[in-house]
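# Structure at a glance
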Amino acid sequence: MDPRRRIPSTHIVLADPRLTEASQRLGETLVKRAVDSALLSARIGELAPEQVVDAAVARLPARATGLAPVVNATGVLVHTNLGRAPLSDAAVDAIVAASGTVDVELDLTTGLRSRRGRGATTALTSAVPSAAAVHIVNNNAAALCLIATALAQGKDIIVSKGELVEIGDGFRLPDLLASTGAQLREVGTTNRTTVTDYEAALHDDTAFILKVHPSNFRIAGFTSEASVSELAELGPPVVVDIGSGLLTHEPLLPDEPDATSTLRAGAALVTASGDKLLGGPQAGLILGSEDLVERLRTHPMARAMRVDKLTLAGLEATLSGPKTPIAQCLHADPEVLRTRAAAIADAVDGAVVETEAVVGGGGAPGLTLPSFAVAIDAAFAQTLRTGNPAVLGRIRDKQLLLDLRTMAPSHDSLVVGAIQRARTACM
Ligand SMILES: *Cc1c(COP(=O)(O)O)cnc(C)c1O
């Protein structure tokens, strides 16, 4: 008899209690997909008919999303390909709490409608008292888009040639700004732009002066740029894209601009990302003068850039909660990193090596942070990258380096387990 005739039917397989439970948890589509895949393997002779149910259970996805958690052992703090900042437990908790029905636009005391997201905006103004008003949008690109649309449509934005940057993945700031119908007046040169260059470009149709922080590259050598305080003297509002979202000065990152200092220097508006050095969810922060922020908030386009309740909850908890994972990684003591690396290396027969970690696309280009990594054979890279959880390191001299600077202490045991499993799988 052809053994394939003993292959169970789909509905018999689906009746297994483990799969009916999974249907409740993951939904029928994903469970059916795992069952179909196991049945197909049986039909082509890869599985015995008796193994189909167990194989279907083994092929169930862990959750109803293809997004897989990754341990960031790359040594790049803010890694865009890994979703930038990991959130604090407080932010995760706030997001879970907000995921049901919440009072995002309702005052429960009066029963009346209230301004959306006041918790997050209050937390942001408390964190940056120099900002008279704030507005929150989807990301920093949206913040710039809204500002250009509301303030500069058909008018001029004066910007230095040295600051016409590409953010990444092909997105260029000048294209983004021009797409709003604003006119870019480029002044100065790639390496040097003076206040006089800006001054010469001023005219009646100047909407604002834009300064963009070069957050992912550095120009060194014969360079000069006009400061925010010098530009603020010229008359038109100065809008500053500080990029990484530092709210106050961070001594470890001396060249990274922050919202408080930039506003104090005379910026009318500051924009930043929520998910870089600030350590929160993806968001665009706009801080500055009351009347300009009000014009942005009430512009029709603002609605298309409105953040959802989950972002508002996560951002508020990031701003008023405990130290973020990004801040903890940034401030980690190298000696502690060495001790952690040594413990992991001991457990998995690896070596401890000295490394340099970086902030990444999120800011502080050229700056390195002293760190330590566990070095193992690069042959394990693929297995670790595709494991559960995935572990991502970097390869140097045929070795896979797992950098402790970007790993949370709770990841150490996960990484030890992942390497031990990878070893067993390779034997
Ligand atoms: C990252 C960055 C952006 C883009 O921010 P998003 O939040 O990703 O839209 C814009 N400007 C600067 C200077 C940046 O560093």
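Scroll up a little and you will see the structure.
Presented here is a report on the structure given in the accompanying data block. Treat the numbers as computed from the prediction; the structure is a model and nothing was measured.

This part is about the environment of Ala-332. Turning to its location among the elements, Ala-332 is positioned in the loop between helix H14 (325-331) and helix H15 (334-348). On a C-alpha basis, the gap between Ala-332 and Lys-309 in space is 32 Å, while along the polypeptide they are 23 residues apart.

So, on to the side chain of Thr-318. Examined against the element boundaries, Thr-318 turns out to sit in helix H13 (residues 309-320). The class for Thr-318 is buried, based on a relative accessible area of 7%.

This part takes up the site of the ligand. Around the ligand, a shell composed of Arg-84, Asn-139, Asn-140, Ala-141, Ile-167, Val-212, His-213, Ser-215, Asp-241, Gly-243, Ser-273 and Lys-276 is seen. Within the side chain of Asp-241, a nitrogen or oxygen atom sits 2.5 Å from a nitrogen atom of the ligand. At a separation of 2.7 Å, an oxygen atom of the ligand approaches a polar side-chain atom of Lys-276. For the ligand, the protein covers 93% of the area, taking 380 Å² as the surface of the free molecule.

Let us now look at the pattern of salt bridges. A full pass over the atoms with the stated rule returns 18 salt bridges. In this structure, the salt-bridge partner of Asp-54 is Arg-18, at a minimum N-O distance of 2.9 Å. Of this pair, Asp-54 sits in helix H4 (residues 52-58) while Arg-18 sits in helix H2 (residues 17-26); the two residues are 36 residues apart in sequence, bridging distant segments of the chain. The class of Arg-18 is partly exposed, set by a relative accessible area of 39%. As a salt-bridge pair, Asp-36 and Lys-32 come within 3.4 Å of each other at their nearest N and O atoms. Residue Asp-36 and its partner Lys-32 are both found in helix H3 (residues 28-43); the two are separated by four residues, about one turn of the helix. Note on Lys-32: relative accessible area 36%, which makes it partly exposed.

Once that is clear, we can look at H15. Between the first and last C-alpha of H15 there are 21 Å, a value that for 15 residues agrees with the 21 Å anticipated at 1.5 Å per step. Of the positions making up H15, those classed as buried are Leu-337, Arg-340, Ala-341, Ile-344, Ala-345 and Val-348. Projected down its long axis, H15 shows its buried positions confined to an angular sector of 135 degrees, all on one face. Seen from the buried face of H15, the exposed residues on the opposite side, beyond 90 degrees, are Thr-339 and Asp-346. For H15, the elements touching its buried residues are strand S14 (351-360), strand S15 (368-377) and helix H17 (411-426). One side-chain oxygen at the N-terminal end of H15 lies 2.9 Å from the backbone nitrogen of Glu-335; it belongs to Asp-333. Directly after H15, the chain includes Asp-349, whose backbone phi takes a positive value near 65 degrees.

This next bit is on the sheet that holds strand S9 (residues 183-187). Read across the sheet, seven strands follow the order S5-S13-S12-S11-S10-S6-S9 without closing on themselves; strand pairing throughout is mixed. Edge positions in the sheet fall to strand S5 (133-137) and S9, since each of these pairs with one other strand and no more. Strand after strand, the sheet turns through a mean of 25 degrees between neighbouring axes, direction not considered. This element, helix H6 (residues 118-127), spans S5 and strand S13 (284-288) of the sheet and lies at about 130 degrees to S5.

Glancing now at the nonpolar core. Core analysis: the biggest nonpolar cluster contains 34 residues, and Leu-124, Ile-136, Tyr-198, Leu-247, Leu-285 and Leu-287 have the highest contact counts within it. Once residues lying within four places of it in the same chain are set aside, the contact partners of Tyr-198 are Ile-158, Ser-160, Glu-163, Val-187, Thr-193, Ile-209, Lys-211, Ala-226, Leu-231 and Leu-234. Residues Ala-133, Ile-147, Leu-151 and Leu-184 belong to the second largest nonpolar core, which totals 33 residues.

Let's shift gears to the sheet that holds strand S17 (residues 394-396). Paired through backbone hydrogen bonds, the strands of a sheet run either parallel or antiparallel to each other. On the basis of which strands lie adjacent, the open sheet formed by five strands has the order S2-S14-S15-S18-S17 and mixed pairing. Edge positions in the open sheet fall to strand S2 (76-78) and S17, since each of these has one partner strand only. Pairs of neighbouring strands in the sheet enclose a mean axial angle of 45 degrees, with direction left out of account. Relative to S15, S14 runs antiparallel, the two being bridged by eight bridges. What sits directly across from Val-353, in S15, is Ala-373.

Peptide bonds are mostly trans, and most non-glycine residues show a negative phi. Residue Pro-389 is bonded to the preceding Asn-388 through a cis peptide linkage, with omega at 0 degrees. Structurally, Pro-389 is set in the loop between helix H16 (381-385) and strand S16 (390-392). One non-glycine residue, Lys-398, lies in positive phi territory at about 65 degrees. Residue placement: Lys-398 occurs in the loop between S17 and strand S18 (399-403).

For the rest of this paragraph, the subject is the packing of H15 against H17. Pairs of packed helices are described in terms of their axes, by the angle between the two and the distance that separates them. Remark: H15 packs on H17, axes separated minimally by 10 Å, with the N-to-C direction vectors making an angle of 25 degrees. With respect to their mutual orientation, H15 and H17 come out roughly parallel. Crossing geometry of H15 relative to H17 is assigned as right-handed. Contacts between H15 and H17 involve Arg-340, Ile-344, Ala-347 and Val-348 on the former and, on the latter, Asp-412, Val-415, Val-416, Ile-419, Gln-420 and Arg-423.

With respect to the helices and strands, Pro-236 occurs in the loop between helix H10 (228-232) and strand S11 (238-243). With 30 residues separating them in the primary sequence, Pro-236 and Thr-206 have C-alpha atoms 7.1 Å apart.

How each quantity is defined
Residues numbered from 1 in each chain as written. Predicted model: local features only at pLDDT ≥ 70, side-chain atom pairs only at ≥ 80, totals over all residues. Heavy atoms only, no water. Helix = DSSP H or I, 4+ residues; strand = E, 2+ residues; numbered from the N terminus. Buried < 20%, exposed > 50% of the residue type's maximum accessible area, 1.4 Å probe, protein only. Near = heavy atom within 4 Å. Polar contact = N/O pair within 3.5 Å; in protein donor to acceptor, adjacent residues only side chain to side chain. Areas by Shrake-Rupley, 256 points an atom, 1.4 Å probe, with all protein chains shown as cover. Salt bridge = Lys/Arg side-chain N within 4 Å of Asp/Glu carboxyl O. Expected span 1.5 Å × (residues − 1). Arc of directions from axis to C-beta. Contact = heavy atoms within 4.5 Å. Pairing = 2+ DSSP bridges. Axes fitted to C-alpha atoms, helices over the stretch in contact; angles between N-to-C directions. Core = buried A, V, L, I, M, F, W, Y, C linked by side-chain atoms within 4.5 Å. Parallel < 35°, antiparallel > 145°, perpendicular 65-115°, else oblique. Left-handed = near helix turned anticlockwise from the far one by under 90°.

Without other data, these values stay purely geometric and don't point to any function.
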